[in-house]
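Structural description and commentary
Listed here are the chains, written in short residue letters.
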Amino acid sequence: MPTTDLHAGERASAPVLADGGNGMSPLGDGAPASSYLHSIRSALGWGPADHSNDTARMAETLPTPTAPSIFDRAISNLRVAWREIAARVGGAAADALQPDLPEEDARRLAQRIEECLANRGGEVSARARAAEVGRAYLGLSPIGRLQFLKLLADNFGPDRARIEAAMAAYRQAEDRAAVSSAVVELREAAISPRVRLLTQLTTLPDGFKFLVDLRAELLQHLSADRTLAGLDRDLQMLFTSWFDIGLLTLERIDWESPAALLEKLIAYEAVHEIQSWTDLKNRLDSDRRCYAFFHPRMPGEPLIFVEVALVAGMADNIQKLLDESAPHVDPGTADAAIFYSISNTQTGLRGISFGNFLIKRVVDSLSHELPRLKTFATLSPIPGFRAWLDRHLGDGESALLTAAKKSDLRAVLADPGWAQDEAIAEALAPTLRRLCAHYLLQEKSNGKPLDPVARFHLANGARIERLNWLADTSAKGLQESAGVMVNYLYRLADIEAHHEAYVAEGRVAAAAAVKALLKT
């Protein structure tokens, strides 16, 4: 598994570097000059930067699927929508570029970007030039789009001379007024000119979605080309502001929702693949719920969605939960809401977490709609368990298993049909349940559980309530978690305490029955 009304205007305010959520400490005007200047240099990539929090922050974000190919058709629609706007400043220039953006074309495009940033002719002209630049990107090949990103990263970053002058002024500042003025200048100098272009693009139709997709493409190249890191950080800082949870709306999706939106649910479902329209209809029936967060500037594009089953008692098997022939449950009599799938949809918003807020908003909504609901829990996969188990079985003798038992277990699990043999499955159950409990409760990295789904729910204040043997016998379920699934319980009275204990001490909240499995 793998996370209000908008009152903002067309443009976001310029970001400041003292943004504690982006790897920098918010320093006051009276901070030591050496500390402040070091943070500025680190953010600009001029010296060793501390990215120690980046991995942890990303780890708390649910996995995001690759953008489905069915959305490729939107590119041509977008180009048409922007053509008329770009034509005001000679938009044909965008079409004249070669798809791979050779050096001469890159030079001409850089000139057009500079004209866009110069803001000559007023806002209307700037918007038209931004549309031309955006259309140029859409018309490029994958090679050309990478060259476009490198152009933005290399040519339109912060003005180093201006920053050096601002640093000198900061060092020389003595009274509080001078220090405050120097800090303001440092912040403004450190903002990349490309941020103005990115902000201008949001004023265009579907401009927000365009930038989200642009970052998704950038992320594909980031590990191989760290020169793109500054551009990525600019986009992430902008998205952190633009996609603040207070600006999102929670909406229920049902069978009467637009077909285009339902099609996207099928494409974006990342946990339990939707097999057909009949399967989807079953997941949207009256004893089911589906909620999503939307941004007002990206209508019809869910940012993240969750699927919920209204049942009697805590569900323990995903095949039974999704069985289209299963008896219908009257929502008014259900006493449990089971969250069985959460899917992020926008790769370009990686690092912007929505899932924790989504679950809490849905719990609040369901509590008011259906007051008989007493249990709020998940039926979650354990996607890292089998990979960890395979590594462990490849080692020598350990405290968990003897070398002989490891060899036997490795041989049995190598047979893809082991779960269909009742005798074998029954014999394996005690050992695999114990190993799974150990994996969830005791296997950690940097003080946090190895499993990404466990990290997500435990950080939200849930507790590990129950392990369910052969709860997912699909090929994916057996491959990722040996068929085991887990219920994470959201007990409203305990959520805050569990969250605080996990964040402050790394403590994993678990039911006594789960802890007891470690001793079996």
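Above this text you will find the structure in question.
The following refers to the structure shown.

The rules we used
Residues numbered from 1 in each chain as written. Predicted model: local features only at pLDDT ≥ 70, side-chain atom pairs only at ≥ 80, totals over all residues. Heavy atoms only, no water. Helix = DSSP H or I, 4+ residues; strand = E, 2+ residues; numbered from the N terminus. Buried < 20%, exposed > 50% of the residue type's maximum accessible area, 1.4 Å probe, protein only. Phe/Tyr/Trp six-rings, centres within 6.5 Å; stacked < 30°, edge-to-face > 60°. Axes fitted to C-alpha atoms, helices over the stretch in contact; angles between N-to-C directions. Parallel < 35°, antiparallel > 145°, perpendicular 65-115°, else oblique. Contact = heavy atoms within 4.5 Å. Polar contact = N/O pair within 3.5 Å; in protein donor to acceptor, adjacent residues only side chain to side chain. Core = buried A, V, L, I, M, F, W, Y, C linked by side-chain atoms within 4.5 Å. Pairing = 2+ DSSP bridges. Right-handed = clockwise from strand over helix to strand, strands pointing away. Salt bridge = Lys/Arg side-chain N within 4 Å of Asp/Glu carboxyl O. Arc of directions from axis to C-beta. Patch = residues over 30% accessible without salt bridge, like charges linked within 9 Å, V, L, I, M, F, W, Y side chains within 5 Å. Areas by Shrake-Rupley, 256 points an atom, 1.4 Å probe, with all protein chains shown as cover. Lys, Arg positive; Asp, Glu negative; His and termini not counted. Charge placed at Lys NZ, Arg CZ, Asp CG, Glu CD. Left-handed = near helix turned anticlockwise from the far one by under 90°. Nonpolar A, V, L, I, M, F, W, Y, C, P; charged D, E, K, R; others polar.

What follows deals with the overall build of the protein. What the protein contains, in helices and strands, is 23 helices and nine strands. Sorting the 520 residues of the protein into buried and exposed places 49% on the buried side.

Next up on the list: the environment of T278. Tracing the sequence through the fold places T278 in helix α14 (residues 277–283). Overall, the relative accessible area of 49% leaves T278 in the partly exposed class. Considered as a pair, T278 and E324 are 46 residues apart in the sequence and their alpha carbons are 8.0 Å apart.

What follows concerns the packing of aromatic side chains. Under the counting rule described, the total for this entry stands at 11 aromatic pairs. Where F239 meets F243, the ring centres are 5.7 Å apart and the plane angle is 90°; that geometry is what we call edge-to-face. Owing to a relative accessible area of 1%, F239 belongs among the buried residues under this scheme. With a relative accessible area of 2%, F243 lands in the buried category.

Moving on, we get to unusual backbone geometry. Even without a glycine there, the phi angle at D206 is positive, about 60°. Relative to the assigned elements, D206 resides in the loop between α10 (194–201) and α11 (207–222). In this structure D206 comes out as partly exposed when scored by relative accessible area, which is 46%. In this structure, N446 is a non-glycine residue whose phi angle is positive, near 55°. Turning to its location among the elements, N446 is positioned in the loop between β6 (444–445) and β7 (448–449).

We now examine the packing of helix α20 (residues 452–459) against helix α22 (residues 495–505). Axis separation between α20 and α22 bottoms out at 8 Å; the angle between their running directions is 125°. In terms of their interaxial angle, α20 and α22 are classed as oblique. Here R455, L458 and A459 of α20 come into contact with α22, specifically with H498, H499 and Y502.

Quick look at α20 now. Burial analysis of α20 places seven of its eight residues in the buried class, the great majority of the element. The set of residues buried in α20 consists of V453, A454, R455, F456, H457, L458 and A459. The N-capping residue of α20, defined by a side-chain oxygen 3.2 Å from the backbone nitrogen of V453, is D451. Trailing α20 by a residue or two, G461 shows a phi angle of about 100°, which is positive.

Turning our eyes to something else, we now look at the nonpolar core. In this structure, F148, F243, L440 and I464 are the most contacted members of the largest nonpolar core, which totals 110 residues. Of the residues forming this core, the biggest block, nine residues, is contributed by helix α19 (residues 422–442). Ignoring anything within four residues of it in the chain, the contact list for F243 reads F208, V212, L248, H295, M298, L303, L349, I352 and F354. In this structure, A309, I338, M485 and L489 belong to the second largest nonpolar core, which totals 14 residues.

Before going further, it helps to examine the pairing of strand β5 (residues 375–378). Where strand β4 (residues 336–344) and β5 come together, four bridges link them in parallel fashion. Its bridge partner being in β5, A336 is matched across the sheet by T375. This β-α-β element, β4 to helix α16 (residues 355–369) to β5, shows right-handed connectivity.

Let us now look at the pattern of salt bridges. Under the definition given, this model contains 22 salt bridges. The shortest N-O distance in the salt bridge between R107 and E104 comes to 2.6 Å. Highlighted residues: R107 and E104, both in helix α5 (residues 103–118), separated by three residues, approximately one helical turn. Judged by its relative accessible area of 43%, E104 is partly exposed. Of the charged contacts, one joins D213 and K209 as a salt bridge, the two residues approaching to 2.9 Å between their closest N and O atoms. With D213 and K209 both in helix α11 and four residues apart, this pair spans about one turn of that helix. What emerges from the salt-bridge pattern is a single network uniting E269, D279, R283 and E307.

Residue pairs three or four apart in sequence face the same way in an α-helix, which turns once every 3.6 residues. When we look at burial in helix α17 (residues 385–393), the residues that qualify are F385, R386, W388, L389, H392 and L393. Around the axis of α17, the buried residues are gathered within 160° of arc, so they sit on the same side.

Turning to a negative patch on the surface, a few remarks are in order. There is a patch of like negative charges on the surface, built from D415, D421, E422 and E426. For E422, the position within the fold is in helix α19.

Okay, the packing of α5 against helix α6 (residues 122–138) next. Taken N-terminus to C-terminus, the directions of α5 and α6 make an angle of 155°; their axes are 9 Å apart at the nearest point. With respect to α6, the axis of α5 lies roughly antiparallel. The hand of the α5/α6 crossing is left-handed. Side by side, α5 and α6 meet where L109, R112, I113, E115 and C116 of the first sit next to A126, R129, A130, E132, V133 and A136 of the second. Class assignment of the residues belonging to the contact of α5 with α6 gives a composition of seven nonpolar, no polar and four charged.

Structurally, the position occupied by N317 is in the loop between β3 (304–311) and α15 (318–321). Using a relative accessible area of 15% as the deciding quantity, one classes N317 as buried. Side-chain polar atoms of N317 contact the backbone nitrogen of K320, separated by 2.9 Å.

Moving on to the side chain of H295. Within the secondary structure, H295 sits in the loop between β2 (288–294) and β3. With a relative accessible area of 2%, H295 lands in the buried category. Of note is the side chain of H295, whose polar atom sits 2.8 Å from the backbone oxygen of W242.

Moving on to the environment of P449. In this structure, P449 sits in strand β7. The spacing of P449 and R507 is 58 residues in sequence and 9.7 Å in space, taken between C-alpha atoms.

It is worth stressing that arrangement in space is one thing and function is another; only the former is reported here.
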